[in-house]
Amino acid sequence: MMRLLIAALLVALVGGPAPATAQEITLKLSHFVPPVAPPHATFLAPWAAKVEKESGGRLKIQIYPSMQLGGTPPQLIDQIKDGVVDIGWTLPGYTAGRFPKTEVMELPFLHTNALGTTLALQDYYEKHLRDEYKDYHVLLLHVHGGTLVHAGRPILKLEDYKGMKIRTPNRGGSVFLRAVGANPVGAPVPEVPQMLSKGVVDGALLPYEIANPLKVHELVKYHSEFAGPQPRIGTTVFIFAMNKKRYESLPADLKKVIDANSRRNIAEMAGQNWDTIEKPGKEAAQKAGNNFPVMPVAEVERVRAAVKPEIDKFLKDLAGAGFDANALYAEAQALIKKYTK
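Since the model is a prediction, treat every value here as computed from it, not as a measurement.

Reading guide: rules and limits
- Residues numbered from 1 in each chain as written.
- Predicted model: local features only at pLDDT ≥ 70, side-chain atom pairs only at ≥ 80, totals over all residues.
- Heavy atoms only, no water.
- Axes fitted to C-alpha atoms, helices over the stretch in contact; angles between N-to-C directions.
- Helix = DSSP H or I, 4+ residues; strand = E, 2+ residues; numbered from the N terminus.
- Parallel < 35°, antiparallel > 145°, perpendicular 65-115°, else oblique.
- Left-handed = near helix turned anticlockwise from the far one by under 90°.
- Contact = heavy atoms within 4.5 Å.
- Nonpolar A, V, L, I, M, F, W, Y, C, P; charged D, E, K, R; others polar.
- Expected span 1.5 Å × (residues − 1).
- Bend = angle between axes of the 7 residues up to and from the residue.
- Buried < 20%, exposed > 50% of the residue type's maximum accessible area, 1.4 Å probe, protein only.
- Pairing = 2+ DSSP bridges.
- Salt bridge = Lys/Arg side-chain N within 4 Å of Asp/Glu carboxyl O.

(A) Quick peek at the packing of helix 5 (residues 114-129) against helix 14 (residues 325-339). Packing of helix 5 against helix 14 brings their axes to within 8 Å, and their N-to-C directions diverge by 135°. With respect to helix 14, the element helix 5 is oriented oblique. The handedness of the crossing between helix 5 and helix 14 is right-handed. In this structure, helix 5 uses G116, T117, L119, A120, D123, Y124, K127 and H128 to contact helix 14, whose residues at the interface are L328, E331, A332, L335, I336, K338 and Y339. A breakdown of the residues in the contact of helix 5 with helix 14 according to their chemical character gives 8 nonpolar, 3 polar and 4 charged.

Shown next as structure tokens:
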């Protein structure tokens, strides 16, 4: 008996097998851009490393870029919900109509910059979007720096859009393009280079940050923006989310690590990041000798006037989903104004 007591004491002093709660847990994180793309290099990979460090190595985040676990970018939202992946980063807008309250935030001329709109989105989520994402454990909703038209010709007046086939990531982009006489072509971002090179589209709605790794600046020569306080057409909402059951299965202390790296705790960092990573993308286009036409203020006002009826129509259509879309649109405007510096 004494020997057993001594043995137990030695194990306690020098350390023995770790309890079950201290075992390493590996989480699979899937997304659709290549590892050289800024979202992977400046946000997803650093986030994973931070979580691993703060968990004392008990949480391991294994990242699978470029849909390496299979499926397509529009399917990723269901892969998260169904537990095919533990964590995913994707666009709700790739499944048009499924997250209608979220789509309000993607309408033209709401967005200012990634920081302001992302901070506004945190309030908007807490008040209006929890029901839309009840099947997920949301880590963050955020936006990028904003879309502009990357194309083979400049756009300096309303009529320049007429007849152009332009790729859009979401229905907000389609609202804009229809209003100005262009033809929207919905497609996930990995398809853009081939679509441009084969002439399937004449241009694409993209921010600069993702245009760079896709080599869009080698396929087009013009990057058209607006004069005034809102140089971009709009933006895209991204969801960074975890399978709900997987999150709930974690020990309490590891949940705290995830929570410390979620939503409001990382929103400012994410917004600043997406504003910052626009710069090298634009610089790549400048080094390629490309052109950056800016539509004059008077023409921008003509465009705004042309787009407003389409925005109104879209909001009316959204009302069929059972909520006051006009009220949400007005609130989104107020929130973005509040957080824009």
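(B) Examining helix 13 (residues 297-318) more closely. Its 22 residues give helix 13 an end-to-end C-alpha distance of 30 Å, which sits within 8% of 32 Å, the value for a rise of 1.5 Å per residue. A bend of about 30° at V307 is the largest found in helix 13, and the proline P309 appears one to four places after it. All buried positions along helix 13 are accounted for by E299, V300, V303, V307, I311, F314, L315 and L318. Elements in contact with the buried residues of helix 13: helix 4 (100-104), helix 6 (171-179), strand 9 (222-226), strand 11 (294-295) and helix 14.

(C) Highlighting the sheet that holds strand 4 (residues 136-143). Here 5 strands make up an open sheet; going across it, the order is 2-1-3-10-4 and the pairing mixed. Among the strands making up the open sheet, the edge pair consists of strand 2 (59-64) and strand 4. Going across the sheet, the axis of each strand differs from the next one's by a mean of 20°, ignoring polarity. Taken together, the 4 bridges between strand 3 (residues 87-90) and strand 10 (residues 237-243) define a ladder with antiparallel strand orientation. Directly across from W89, in strand 10, lies its bridge partner F240.

(D) View of the pattern of salt bridges. The final tally for this structure, using the stated rule, is 21 salt bridges. Measuring nitrogen to oxygen at the nearest pair gives 3.3 Å for the salt bridge that ties D82 to K81. In this structure, K308 engages D312 in a salt bridge whose closest nitrogen and oxygen atoms are separated by 2.9 Å. Of this pair, K308 and D312 both sit in helix 13, 4 residues apart, which is roughly one turn of that helix. With a relative accessible area of 35%, D312 lands in the partly exposed category.

(E) Focus on the pairing of strand 9. Here strand 9 lies mainly inside the structure; 4 of its 5 residues are buried. Pairing between strand 5 (residues 148-151) and strand 9: 3 bridges, direction antiparallel. Along strand 9, the bridge assignment pairs A151 with Y222. Here 2 bridges tie strand 9 to strand 11, and the two strands are oriented parallel to one another. Bridge assignment links E225 to a residue of strand 11, and that residue is V294.

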